[in-house]
Amino acid sequence: MRRTVPSPIFQRLLIVSLIVLLAALAVVRSWYGTRLDSFTVDEPWHIVAGTVYVRGGDRHLNPEHPPLAKLWVGQWMPADFRVGPEPGLREKAQEREWVEQTMFEENDPERTQQRARMAMWSLNAMLLVALGLLLWRAAGVAWAVGTLAFLALEPTLGAHLPVVMTDGLLALTFSLVTVAAGVLASTWQWRWVAVFGMAVGLALGAKHSALAGLMGVGGVLVVAAGAGIRTSGWREGLRRCAKLLAAILLGVAVLWAQYGFRFHADSSGGDAFNLSMEAKVAEVTKPALRGVIAFSDELHLLPRAYLWGLADTVRTGIEGRGGALHLVWGKVFEGRTPWFTWPAILAAKIPLALTALALLGLVLALRAPLAPAARWMLAALAVGSLLHFAALAVSPQAWGGVRHATPLLAAAATLGGGAVAEAWRRRSRLLMGVVAALFVAALAMTIREPRLWEYHNELVGGTTGGYRAFRNEGVDLGQRFGEIRDFHRRVIAATGEPVYPDYWVMERQWRAAHLEYHRFVEDLDDTNAAGVWEGWFVYTVADELPWPQFEWDPEQV
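Here we summarise the structure given alongside this text. What you see is a predicted model; the values in this text were computed from it and never measured. (Residues numbered from 1 in each chain as written. Predicted model: local features only at pLDDT ≥ 70, side-chain atom pairs only at ≥ 80, totals over all residues. Heavy atoms only, no water.)

Focus on the overall build of the protein
Basically, it comes down to this: Going along the chain from the N terminus, every DSSP run of H or I of four or more residues is numbered as a helix, and every run of E of two or more is numbered as a strand. With C-alpha atoms as the basis for the radius of gyration, the globule rule is written as 2.2 Å multiplied by the number of residues raised to the power 0.38. Each residue is placed in one exposure class: buried if its accessible area under a 1.4 Å probe, protein chains only, is under 20% of its type's maximum, exposed if it is over 50%, and partly exposed if it falls in between. Contacts are assigned to residue pairs that have any heavy atoms within 4.5 Å of one another. Per-residue accessibility takes into account occlusion by the displayed protein chains alone, with areas from the Shrake-Rupley method and a 1.4 Å probe. When charges are counted, neither His nor the chain ends are considered; positive counts come from Lys and Arg and negative counts from Asp and Glu. One atom stands in for each charge, and that atom is NZ of Lys, CZ of Arg, CG of Asp or CD of Glu.
Regarding its fold elements, the protein presents 22 helices and four strands. The globule rule puts the C-alpha radius of gyration for 557 residues at 24 Å, and the 25 Å found for the protein is close to it. For the protein, the spread of C-alpha atoms along the principal axes amounts to about 85 × 55 × 45 Å. Relative to its 557 residues, the protein shows a buried fraction of 53%. Counting contacts in the protein only where the partners sit at least 6 residues apart, residues at least 24 apart contribute 76% of the total. Carbon and sulfur atoms form 63% of the exposed surface of the protein, whose accessible area is close to 25100 Å². Charged side chains of the protein number 51 positive and 49 negative; the gap between the two group centres comes to 18 Å.

Here we look at the side chain of S38
The condition is simple: Pairs of N or O atoms within 3.5 Å make up the polar contacts considered here, provided that, within protein, one atom can donate a hydrogen while the other can accept it, and that residues adjacent in sequence are counted only when both atoms are side-chain atoms.
Here S38 lies in the loop between α1 (8–34) and α2 (43–56). Using a relative accessible area of 11% as the deciding quantity, one classes S38 as buried. Polar contacts involving the side chain of S38 include one to the main-chain amide nitrogen of G482, which spans 2.9 Å.

Examining a nonpolar patch on the surface
Using the following cut-off: Residues enter patches when they are more than 30% accessible in relative terms and free of salt bridges; like-charged ones are connected within 9 Å and nonpolar ones (Val, Leu, Ile, Met, Phe, Trp, Tyr) within 5 Å. Think of a salt bridge as a Lys or Arg side-chain nitrogen and an Asp or Glu carboxyl oxygen that are within 4 Å of each other.
Taken together, the side chains of V16, V20 and L133 define a hydrophobic patch exposed on the protein surface, amounting to about 190 Å² of accessible area. Of note, V20 is situated in helix α1.

Examining the packing of aromatic side chains
Selection rule: Here is the rule: rings of Phe, Tyr and Trp (six-membered ring for Trp) pair when centre to centre is within 6.5 Å. Planes less than 30 degrees apart are stacked, more than 60 are edge-to-face, and the remainder are tilted. Note on criteria: charge over ring means Lys NZ or Arg CZ within 6 Å of the ring centre, with the direction from the centre no more than 35 degrees off the ring normal.
Applying the stated rule across the entire model yields 16 aromatic pairs. Each ring, one from F333 and one from F340, has its centre 5.8 Å from the other, and the planes form 75°; the classification is edge-to-face. Seen in terms of ring centroids, W339 and F340 are 5.5 Å apart; in terms of plane orientation they differ by 90°. Their pairing is edge-to-face. Sitting over the face of the ring of W308, K280 holds its NZ or CZ atom 4.4 Å from the ring centroid.

Some points on unusual backbone geometry
In this structure, H300 takes a positive phi of about 60° despite not being glycine. Tracing the backbone shows H300 in the loop between α13 (287–298) and α14 (304–318). Here the phi dihedral of R427 falls at roughly 55°; this positive angle occurs in a residue that is not glycine. Among the secondary structure elements, R427 is positioned in the loop between α18 (406–426) and α19 (429–446).

Details of the environment of G416
Take G416: it is sitting in helix α18. Once you skip the residues sitting within four places of it in the chain, G416 turns out to touch F150, L357 and A358.

Topic: helix α9 (residues 190–206)
Where we set the bar: Under the convention used throughout, the expected extent of a helix is 1.5 Å for every residue step, that is, one less than its residue count.
Between its first and last C-alpha atoms α9 spans 24 Å; for 17 residues at 1.5 Å apiece the expected length is 24 Å, and the two agree. Within α9 the residues assigned to the buried category are W192, V193, F196, G197, A199, V200, G201, A203, L204, G205 and A206. Check the buried side of α9 and you find it contacts α3 (68–76), α5 (109–139), α8 (167–187), α10 (210–232), α11 (234–258) and α14.

Points about the pattern of salt bridges
Scanning the entire structure with this criterion turns up 29 salt bridges. Here E110 ties to R485 by a salt bridge, and the two come within 2.9 Å at their closest N and O atoms. Of this pair, E110 sits in helix α5 while R485 sits in helix α21 (residues 481–492), placing them 375 residues apart in sequence. On the basis of relative accessibility, which here comes to 12%, the residue R485 falls in the buried class. Residues R304 and D297 are paired through a salt bridge, measuring 2.9 Å at the closest nitrogen-oxygen approach. Neither R304 nor D297 differs from the other in exposure class; each is buried. Among the ionic contacts, a cluster of salt bridges with common partners joins D37, R451, E454, R480 and E483.

And the structure:
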């Protein structure tokens, strides 16, 4: 019998459909693992700021982060989402107070959250599809499918898909940059100059910390451009350098577009930040970094709101933001975090089966006969990830936890995709069986996890034991409010007793929900000198651990 071979068009449609299906499965998995979550403490800020951006064009609110997520979600906010007149904001705390008042007292926060989650799922799904299509072009269908399957199962990335924050976007846009760089380095065609430039612009608009990884990818492309001199002479090398420069300029132009192609934050020509640009730059203690930011601002190389946020990122991320106690792998460290902090965080947060898959992909990729685009892609991934890791390691603190390392999770996913691709290329039943077993094990390890944000693997006793090993924003960021509110309605409200939260909360959120919220010290006229309180107390699970530095003993309490 004659065997019927599907037409190329049908094959392409089948592959595209598979990529779209995997992106959809990632969203479904994300929904299941985040359905109990309330807002993170930063989301109201981003949502209100994005709505202001879209409606008025001013960018002075919440300049700590670039505008990509905020602009997207701002477009999704309904016409009846109310944002009142903005008072003169002179401090970050005052700005946060006004934002939370807007969200919780003037709007329906639960309806807003659902709208925002739909917006972020749609944006991240499109990025996942784009990543799958790029990987298909650079390294083949199997690599694309394996990477997307890894991303769909990875708990931390799934936790970030619906939240209006910057870390999940950074992971996906960083992946787009590395794959596009691989294709560009292997072809040097103008259409890939455009694709790479667009990906760079999206990464810049996602988060300031993208700069570290982008510099690494740029270094690899400089090497690729220089290789043209050796193979085809100086003219070819210069031609490649010109195309690389064009791609970088396009990326910067995409960033400028997100700020309305305007240097000043506001349409009036002013910059109504909660702290002046001069004062914000002065906070940067390292002279070289302070000089670069000031120079860029003086020459208007980048939008002022972006540079204001970059100064804030340098101060809080690279130089530190205060707080000298760190719980790392069950031990409290004072001062700087130990050298193994970030490897420890990653080792505890990635499911063990996915870690094994990524390591298998790394070993196989080192010996595989890869296409040029795949080789350059892995080079860009390696150097970009190394510089991002170095930026994390330089910081004296790790308060952001794994959410600041999401590009490294995406890099692990790409390596996992490489294991699938190599198993498929070899047609090895043993290797394909191992890869399949690892995916099944990862699914079994994570599928019943009700809160992806809090996930930890078996090395630290699973999610229920993770708090004994780490205390950072990768463990909790205020998403338990809904359960606290429901418990209050069921049990506490009828008693009329006060609630004292020793938990990261948004006070306006609690008061708007009519919880009996009380501070331990209400004002300067407090007369409770003995420090005795009666009522209900809300603690984090980390407070079950003793903290001698704070004179905290849970046994006494």
